[in-house]
Structures are given as C-alpha cells and as structure tokens.
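Given next are the chains, with one letter for each unit.
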Amino acid sequence: MKHETHAGHEHHADHEQHEHAHAGHGGLDKVSWSMAAQATLHCLTGCAIGEVLGMVIGTAFGWGNVPTMILAIALAFFFGYALTLRGILKAGVDFRTAFRVALAADTLSIAVMELIDNGVIVLWPNAMDAHLADGLFWGALAASLAIAFVVTTPVNKWMIGRGKGHAVVHQYHH
C-alpha cells in the first residue's frame, strides 16, 4: 500500500517502511543486506578496537598467547557494547535500560565475530607468534576480521528480520 505524502511529510512513508523492516513482520526478506552489513560494521568496529588494543597491551606486557587473546576478546565485547551504549544513552535512555538493550542487541553478533576472528588467527600458520611489527600480524588480523564480517552479516540479517539484535537498538534512534 502506497502512502500519500503531503508537502513537508515525505519522510513519514520512508520511516514507516524502515520500521516495518526492523519489526520483522515480513521476515528475513524485508531486511536488506545493507542494513545487516551496517549492523555488522558497527560490531566489527568495536571488535577491532578491542582486539588491537588487547594485542598491543598483551604484547607490551610480554604476556603469552592465551592471556593476550582473553584480554583482546574481553575488550572486543567491552568496546562493542560501549559503542551501542553511547548511541542509546544519547537518545536519553537510562543506563540500566541502555545496558540491557546493548546486551540483547550485540551479544550474539560479537560472539560470532570473535569466534570466527580468533578461530582464523589460531588456525593461520604462525599468526599466533607474529609480533606487532610483523606484516603477518596485521595481514592475518585484517583477513580474520574480514572473514568474521562475511560470516556475521547473515547472522545479523537473521536477527534483525526477527526484531532482534540491532533492530532493538533502532527504536531508540527515532
């Protein structure tokens, strides 16, 4: 059904279509790959910040692979949640509600991202022993994040199509 638009109100029809895409009424086919990719890119940003910072800290302190990886994963979750929290808090939502929304919106996405990202690094020959100054370190990290992005995007599309994940966050942006 096409909504009529009146002067100055053209955005209402687009807004309603946007809401329907996030509400999951039409299922997965109503969620665009672009929307899923944007949600995944948001997740990837937090994960990448945490991963790199964790690896830099672990390397600076001379930690082994396991403690460095644990720190990197913890920081990936922290920064992933923090980026979402920032946007929700900016919308005037109280911290407790914003924290719950961030957990609901990002946990599965970050978990998949971290599983794939770290799995690739562990399986990549010599990547776990590469240092920050090595091209192998940065190449393996970039490749692992790219693969994680490709694998996580369909997960986010599925979640958004069911009114979960970043679909929950978008209600606070309008």
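In this text, all values refer to a predicted model and were calculated from it rather than measured experimentally. Along each chain, residue indices are assigned from 1 in the same order as the chain's sequence is written. Reporting of local features is limited, given that this is a predicted model, to residues whose pLDDT is at least 70; pairs of side-chain atoms are given and counted only at 80 or more, and all residues count toward the totals for whole chains, interfaces and linings. Excluding hydrogens and water, the side-chain figures rest on all heavy atoms present in the structure.

Engineer: Break down the nonpolar core for me, citing the residues and quoting the values.
Structural biologist: General note: in soluble globular proteins, nonpolar side chains tend to be found buried as a group. We call a set of buried Ala, Val, Leu, Ile, Met, Phe, Trp, Tyr and Cys residues a nonpolar core when their side-chain atoms join them within 4.5 Å. Only protein chains enter the accessibility calculation, which uses a 1.4 Å probe; a residue whose area is less than 20% of its type maximum is buried, one above 50% is exposed, and one in between is partly exposed. Among the nonpolar cores identified, the biggest contains 20 residues, and Cys47 and Met113 are the most heavily contacted of them. Those elements that place two or more of their residues in this core are α2 (33–60), α3 (65–90), α4 (95–123) and α5 (135–161). In this structure cysteine 47 touches Ala76, Ile110, Met113 and Glu114, once residues within four positions along its chain are discounted. Helical segments are the DSSP runs of H or I of at least four residues, strand segments are the runs of E of at least two, and each set is numbered from the N terminus. A contact between two residues is defined here by any heavy atoms of the two lying within 4.5 Å.

Engineer: Outline α2, listing residues and values.
Structural biologist: Each turn of an α-helix holds 3.6 residues, which means side chains three or four residues apart point in the same direction. If you check α2, its first and last C-alpha atoms are 39 Å apart, about what 28 residues at 1.5 Å a residue would give, namely 40 Å. Of the residues one or two after α2, glycine 62 is the one with positive phi, at around 70 degrees. Each residue after the first adds 1.5 Å to the expected span of a helix.

Engineer: Describe the environment of glycine 80, listing the residues and the values that go with them.
Structural biologist: Along the chain, glycine 80 turns up in helix α3. Accessibility expressed as a relative area gives 1% for glycine 80, which makes it buried. Once the C-alpha coordinates of glycine 80 and aspartate 106 are considered, the two residues, 26 residues apart in sequence, prove to be 7.2 Å apart. Each residue touching glycine 80, except ones within four places of it in the same chain, is listed here: His42, Gly46, Asp106 and Ile110.

Engineer: Explain the side chain of serine 109 to me, and be specific about the residues and the numbers.
Structural biologist: Structurally, serine 109 is set in helix α4. Apart from residues lying up to four places away in sequence, serine 109 is in contact with Cys43, Thr152 and Asn156.

Engineer: Run through the side chain of glutamate 51, naming residues and quoting values.
Structural biologist: Note on placement: glutamate 51 falls in helix α2. Within this scheme the basic residues Lys and Arg register as positive and the acidic residues Asp and Glu register as negative, but His and the chain ends are omitted. Each salt bridge in this description consists of a side-chain nitrogen of Lys or Arg and a carboxyl oxygen of Asp or Glu lying within 4 Å of one another. One buried charged residue, glutamate 51, forms no salt bridge at all, with the nearest opposite charge on arginine 86 at 19 Å. If we skip the residues at most four places from it in the chain, glutamate 51 touches Ala72, Ile73, Ala76, Glu114, Asp117 and Asn118.

Engineer: Tell me about α5, and please be specific about residues and values.
Structural biologist: Here α5 spans 39 Å end to end across 27 residues, near enough to the 39 Å set by a 1.5 Å rise per residue. Two axes enter the definition of the bend at a residue: one is fitted to the seven residues ending there, the other to the seven starting there, and the bend is the angle between them. Along α5, the helix axis deviates most sharply at threonine 152, where the bend reaches about 30 degrees; the proline proline 154 sits within four residues downstream. Once α5 ends, the next one or two residues include glycine 163, with phi positive near 75 degrees.

Geometric values such as these leave the question of function open.
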